[in-house]
Amino acid sequence: MHQSARTGVIVLGLVLLQVPECLQAAAAATDLQEVVVTARKRAESLQDVPISISAISAQTLEDQSAIRFQDSLNSVPNVSWSSDDIADAKITIRGISSDTNNFGIEPAVGVYMDEVYIPRPTAVNQMALDIDRVEVLRGPQGTLFGRNTVAGVISIVTEDPTPAWRAEGDLTGGRYDLLQARASLSGPLSERTGIRLSAGRLSQKGWFNQSTPGFPDFGGEDSWTLRAKVRFKPTDSLDLVASVGYVRDDAVIGNNLIADGPLAGINGGVIDSIGTNVDDFARRRLWMGSLRANWDLPGHTLTAITGYSSERYESFKDQDYTPLDILATGEPENFHFFSQELRLTSTGQEALSYIGGVYFSRMTLSGNTHAELGADVLPAIGFPSIPGYRESVQTNSHLLQKSYAAFGSVSYKASARVALTAGLRYTDERKTLDYDQTVSPFFIAPDTPVGLIYAFAQDVAPLRQNYSKGVLSGDATASYQWNHDVQSYLRFSRGYKAGGFDTTQSSTSDPGSRAFKPEFVNLYEIGFKSLFAGRRVKINGAIFYSQYQDKQEQVFNGTDFATNNAATARSQGAEVEVTLLLGPGLELYLGVGFADAKYGEFVDKLSGEDYSGNRLPLAARWSVDSSLQYRRPVLGDWGVVSRVEGEYHSDSFTTSDNDPNFQQRGKLILNLRLGWERSDQSLGIYAWGRNVTDARFVTGGFNFIGNTFISRNRPTMWGVELRGKW
């Protein structure tokens, strides 16, 4: 075991040894707080929903001192977020993830904000500003969240306007000149109109050492997030909520180290130091808006949700990670997304309940990826240098996609104990790709190009390709209520992820079809929800088996990326979550997940390599998440709060070929928080630390021109937070 992991285990063990003493000192505990979720498009207690689901409340986000969404998701069993890039959301659920390099691939995890789909991973990792809760649904959700959710759903719900005026904010300073300020103001404008305004600012210097003088360290960022919500009730039966948000991020990205190869000594052999000869950057400008209308009808609620988002993302980075002028790439992309959902939901307490609706979305995606070979590439591979040498390639992709769907779900209470649910969704996906590629070689004579660039890319004449397919997905669940506090269920779900196109660089002048096939999954799950000991102990768990057909995988062959349809893959395992209210203010959480995710048959279509039987990328077999938090009054209305979190993920590989160079060793992340606050939490000051044992591990990597590049995780982060509510 790595020294930092060993230290973390010892510290966590010492903390947990204090539990019996705390129990002895604590008086009788009250009930665990009920968690209300909308996983089935209606408000329900989490304990009543027969799905493997975890919910992260606003209070938990505060207790974690979460800055971005990724700070909380790694504390959920069988869920991980493996990238620190502001625009690279590599989310894995039960060993299933999808790469973000090709915008022609739909994400495997559907992310929604206020029920509006976020179509690109580049738009997901936002500041945790004014969040009411985050719901994590594991496994394919083929009916109500039918859009490409073959691994699961992350549903982010923001705070609505409040009936009385309320203000809150926090200010944080920390390592690497971290400065974060967040504030919100909410209240009524009139008897029927409320408003909520929120704003956040985040800045931090880079945490990854830059060896080249004059360039900033990698990992620095400067971000703004603004959001406004208006709630208007023109009548007692009609409720309208309009929301608009803006995100602006500027960052210095790229943290790949040269682990092995001819370039490994360029940066002085310092493993945590990399260099550059260009200004590495990432810029994101994101607009998001939605309008939700709920109209109460006799026995029903009619809901209309309109969503729109637009993003301009641009990056440029040194891909050789040295001061030499070898290779640099730019990846600008932008999208415009519109969606409309209309659904009718039954209300009341009848034995038969149902929900039905229609859905439409339209998105345009454009990108013009370009790569440049510089003056130092020839000496780097053993050729003499040529004055003025530079070669480049530009790849232009434009994607138009439309999605039409109709869905319905029916639940029937066959008895006081037995409930049956079945749902279907029909989806019609249509896509059009316009693609071309232009290579610009360096000519040493009018008809004599050097042409090194042709080893990586070829001219591709403008081409247009179309994709159209209609499919059925759905689910069926049977649940049994043993008593008021214990439920078990059997669940089947069929999920679907649309086919698409490779929009990245092509190494051949005749790429043929850029299309790849859709992906399908069948899930079989048995689970339970339970409360014990006067509702002071909560234990939820599930066992699952998922079989994937034509799973989409993107493989890097040393010159370009290509998307394959693996013949088969499967993920099987279990997760269990235990929450114990040990005494007043003393709560223990433990989540354990196991996911064995492997390919069945998989031969890479470009290299011919056989990956059959390999583990899926980023699929850790074991995840263990725990936290112990204690709030205790000390002096009048003031008291202390302490929290310790442990997050363990076992070994995984970041690539399909299971290359040991890109193996992510088992890691334990230990987070700590200590605060002094008023008993109503209206004012408090807190010190926190993440990854306090400085565990270091690989988060990705690739091979290029005989060199092995790996990326690493963030080091120890700490800060001091001042929080107030009025």
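As the structure is a prediction and not an experimental result, all values here were calculated from the model. (Residues numbered from 1 in each chain as written. Predicted model: local features only at pLDDT ≥ 70, side-chain atom pairs only at ≥ 80, totals over all residues. Heavy atoms only, no water.)

### Quick notes on the overall build of the protein
Broken down by element type, the protein carries five helices and 43 strands. Taken over the C-alpha trace, the protein has a radius of gyration of 26 Å; the compact-globule value for 726 residues is 27 Å, and the two agree within 12%. Expressed as a percentage of the 726 residues in the protein, the buried residues total 56%. Sequence separation of 24 or more characterises 69% of the internal contacts of the protein that already satisfy a separation of 6 or more. (Helix = DSSP H or I, 4+ residues; strand = E, 2+ residues; numbered from the N terminus. Rg over C-alpha atoms; globule rule 2.2 N^0.38 Å. Buried < 20%, exposed > 50% of the residue type's maximum accessible area, 1.4 Å probe, protein only. Contact = heavy atoms within 4.5 Å.)

### Examining the sheet that holds strand β16 (residues 256–260)
Overall, antiparallel pairing links the three strands, which are arranged β16-β42-β41 in an open sheet. Here the strands that pair on one side only, and so sit at the sheet edges, are β16 and β41 (698–704). Strand after strand, the sheet turns through a mean of 30 degrees between neighbouring axes, direction not considered. Relative to strand β42 (residues 707–712), β16 is paired through four bridges, and the arrangement is antiparallel. Residue pairing across strands places Ile258 opposite Phe709, the latter belonging to β42. (Pairing = 2+ DSSP bridges. Axes fitted to C-alpha atoms, helices over the stretch in contact; angles between N-to-C directions.)

### Re unusual backbone geometry
Phi is positive for Asp114, close to 50 degrees, though the residue is something other than glycine. Within the secondary structure layout, Asp114 lies in the loop between β6 (109–113) and β7 (116–117). In this model, Leu618 sits at a positive phi of 65 degrees, which is unusual for a non-glycine residue. Take Leu618: it is sitting in the loop between β34 (586–599) and β35 (622–635). A residue is classified by how much of its surface remains accessible, and Leu618, at 11% relative accessible area, is buried.

### A short note on a negative patch on the surface
On the surface, a cluster of negative charge is contributed by Glu601, Glu609, Asp610 and Asp657. The residue Asp657 is located in the loop between β37 (652–653) and β38 (663–664) in this model. With relative accessibility at 36%, the residue Asp657 sits in the partly exposed group. (Patch = residues over 30% accessible without salt bridge, like charges linked within 9 Å, V, L, I, M, F, W, Y side chains within 5 Å. Areas by Shrake-Rupley, 256 points an atom, 1.4 Å probe, with all protein chains shown as cover. Salt bridge = Lys/Arg side-chain N within 4 Å of Asp/Glu carboxyl O. Lys, Arg positive; Asp, Glu negative; His and termini not counted. Charge placed at Lys NZ, Arg CZ, Asp CG, Glu CD.)

### Some details on the sheet that holds β6
Read across the open sheet, the five strands follow the order β3-β8-β9-β6-β7; overall the sheet is mixed. Each edge of the open sheet carries a strand with a single partner, namely β3 (53–57) and β7. Direction of pairing for strand β8 (residues 131–138) relative to strand β9 (residues 152–158): antiparallel, over a ladder of seven bridges. Considered in β9, the bridge of Leu137 is made with Val153.

### A short note on the side chain of Asp239
Mapped onto the elements, Asp239 comes out in strand β15 (residues 238–251). Setting aside its immediate chain neighbours within four residues, Asp239 contacts Arg231, Phe232, Lys233, Arg292, Ala293 and Asn294.

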